[in-house]
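Topology and contacts: notes
Here is how the chains run, residue by residue.
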Amino acid sequence: MASGSGAEGEAVSGAHLIAESLKAQNIEYMFGIVGIPITEIAIAAQASGLKYIGMRNEQAACYAASAVGYLTGRPLIVIGGSSDRNQETMGAFQEFPQVEAGRLYNKLTVRPSSLEVIPAVVEKAVRTSIYGRPGSCYIDIPGDFVNLQVNKSSVKYVECCLPPPISMAKQSAVSEAASIIAHSKQPLLIIGKGAAYSHAENNIRKLVDLCGLPFLPTPMAKGVVPDNHPNCVAAARSTALQYADVIILLGARLNWILHFGLPPRFRQEVKVIQIDICAEELGNNVRPAASLLGDINTVTKQLLEEFSKRPWKYPSSSQWWKRLREKIMNNEEKSKGLELQKSLPMNYYTVFRHIRELIPRDCILVSEGANTMDIGRTMLPNYHPRQRLDAGTFGTMGVGLGFAIAAAMVAKDRTPEKRVICIEGDSAFGFSGMELETICRYKLPILIIVVNNNGIYTGLDTDAWKEMLKFGEPATCIPPVSLLPNSHYEQIMSAFGGKGYFVKTPEELQNALKASLADEQTPSLINVMIDPRSERKKQEFPWLTRSNM
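Residues numbered from 1 in each chain as written. Predicted model: local features only at pLDDT ≥ 70, side-chain atom pairs only at ≥ 80, totals over all residues. Heavy atoms only, no water.

Moving on, we get to the packing of aromatic side chains. Applying the stated rule across the entire model yields five aromatic pairs. Aromatic side chains Tyr63 and Phe403 sit 6.1 Å apart centroid to centroid with 80° between the ring planes, which places their arrangement in the edge-to-face category. Linking Tyr63 in helix α3 (residues 58-72) with Phe403 in helix α14 (residues 399-414), this pair joins segments that are 340 residues apart in sequence. Accessibility expressed as a relative area gives 12% for Tyr63, which makes it buried. Members of the aromatic cluster, connected to one another through ring pairs, are Tyr63, Phe394 and Phe403. Above the face of the Tyr70 ring, Lys193 is positioned so that its terminal group lies 5.3 Å from the ring centre. (Phe/Tyr/Trp six-rings, centres within 6.5 Å; stacked < 30°, edge-to-face > 60°. Helix = DSSP H or I, 4+ residues; strand = E, 2+ residues; numbered from the N terminus. Buried < 20%, exposed > 50% of the residue type's maximum accessible area, 1.4 Å probe, protein only. Lys NZ or Arg CZ within 6 Å of the ring centre and 35° of its normal.)

Given below as structure tokens:
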């Protein structure tokens, strides 16, 4: 640390110190909602050159910040205002033990002891956030710090933290993993979000091609290797997981999304090769046959080098490949049958077929909802990494519009030609629907598609709704999963200056999509009415695995 070189007697406020410190750590975006005592921090951030995006809900602001962290590799730092120091324990305005509470959820939770150490605290928070497994950090700012001033010469200014160190796996572990893969009968490569974050796409693509491995992407890893690659077995997911004898986990966790790695979704004797940047993740739920601790991109390169010494390629004519391809064809035929149905109201598959045919191949896809998100994963392919954002491991609703705003801000600065398309279930849309005003305020040309089935999972049509009301008050007779039929969400977008479309037929959907995509300046919302009883095609297993541990 080095003392600042400000002129003797020159003063700086806490708000400006925070803003300048964030700027010094190459932070570009700030999402939030201002209020006492942190309004001045947002103003100072804008004065320092940071882009401040004022949201309508703090939850959506945090989701937006986390998406920016994923897309850019810069951190998620949560800054909160707390009561003045001299009012602690007195019942001050919104007094709460924020530092203590934050420790449960963040890699680092800290309150600066003085204004002079703010730059050092911010640097540590940024460094902690991006080193190792990425995660959030919380900085608590007492209310009286915001406008308090100190002499610049007393401030401990620090430079931007160094990029995260790149770690490699032990060579013995790499050799062991390669040997296990080479002796596998039914291998499967699972590509996780960590691989996308590590920008490992080039080396993973080489590994897939060199070794001929079947691969399965997790939701946020779609596009690391394009979904239309011949080795992608996403359409045979359950079969691939259930019968693989060797699984290579590239930055994916054996959590609920992967059914904990346990039977009956996996073989009892499956050999797991775990590659992860987080040591604590190795061996979680399943004892690995080989553990490779390190950066995903670097370790994948080590595996490539190992297989260049001992060339091996899994035969494409194997019985395993035959079984996977048969399952892929069978599932695709079932989906195609649903896609081509012409009955009205439309079903999910028909809607997604028209969306797939018209949206750009290189758009950034954001999605949330139950069936909307799950069916969208299978029917809307990704060809590029880090261009799909959905609930992922969170499993929570409300992420969609925050993610879309973040993606649009980053795209605006880096790839302005890319469109951001956010596909939401009607229930999921309701969590953060007021962020439409944020989208219109910042002139973000996001296309939002609400797949509206009048409910959570399933809903009621107008006639069934009226029939239910004959039995009493809505609170006692309307099913808990039902929402108001035919809600005109598109009118909310129109109210804020965007364009809204209410569609019921494939032709109306096509016309609305074409009009929205042709307008590269105006936000749009297409409210697509579907059959309230439309659901996913029959699944082999329940979507949420119960652990038998």
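After that view, the rundown keeps rolling.
Structurally, Arg388 is set in strand β16 (residues 388-390). Using a relative accessible area of 1% as the deciding quantity, one classes Arg388 as buried. Looking at Arg388, its side chain comes within polar contact range of the side chain of Asp390, at 3.1 Å. Filtering out sequence-adjacent residues up to four positions away, Arg388 remains in contact with Tyr70, Pro219, Met220, Lys222, Leu365, Ser367, Met373, Gly376, Arg377 and Asn382. (Polar contact = N/O pair within 3.5 Å; in protein donor to acceptor, adjacent residues only side chain to side chain. Contact = heavy atoms within 4.5 Å.)

Here the bond from Pro263 into Pro264 is cis, since omega is 5°, no more than 30 degrees from zero. Mapped onto the fold, Pro264 is located in the loop between β12 (246-250) and β13 (271-276). Note the cis peptide between Leu344 and Pro345, where omega equals -5°. Along the polypeptide, Pro345 turns up in the loop between α11 (319-339) and α12 (348-358). Residues other than glycine seldom take positive phi values, yet Thr89 does so here, at roughly 70°. Positive phi, close to 55°, is recorded for Lys443, a residue that is not glycine. Following the sequence through the fold, Lys443 ends up in the loop between α16 (435-441) and β18 (447-452).

These values are about where atoms sit, not about what they do.
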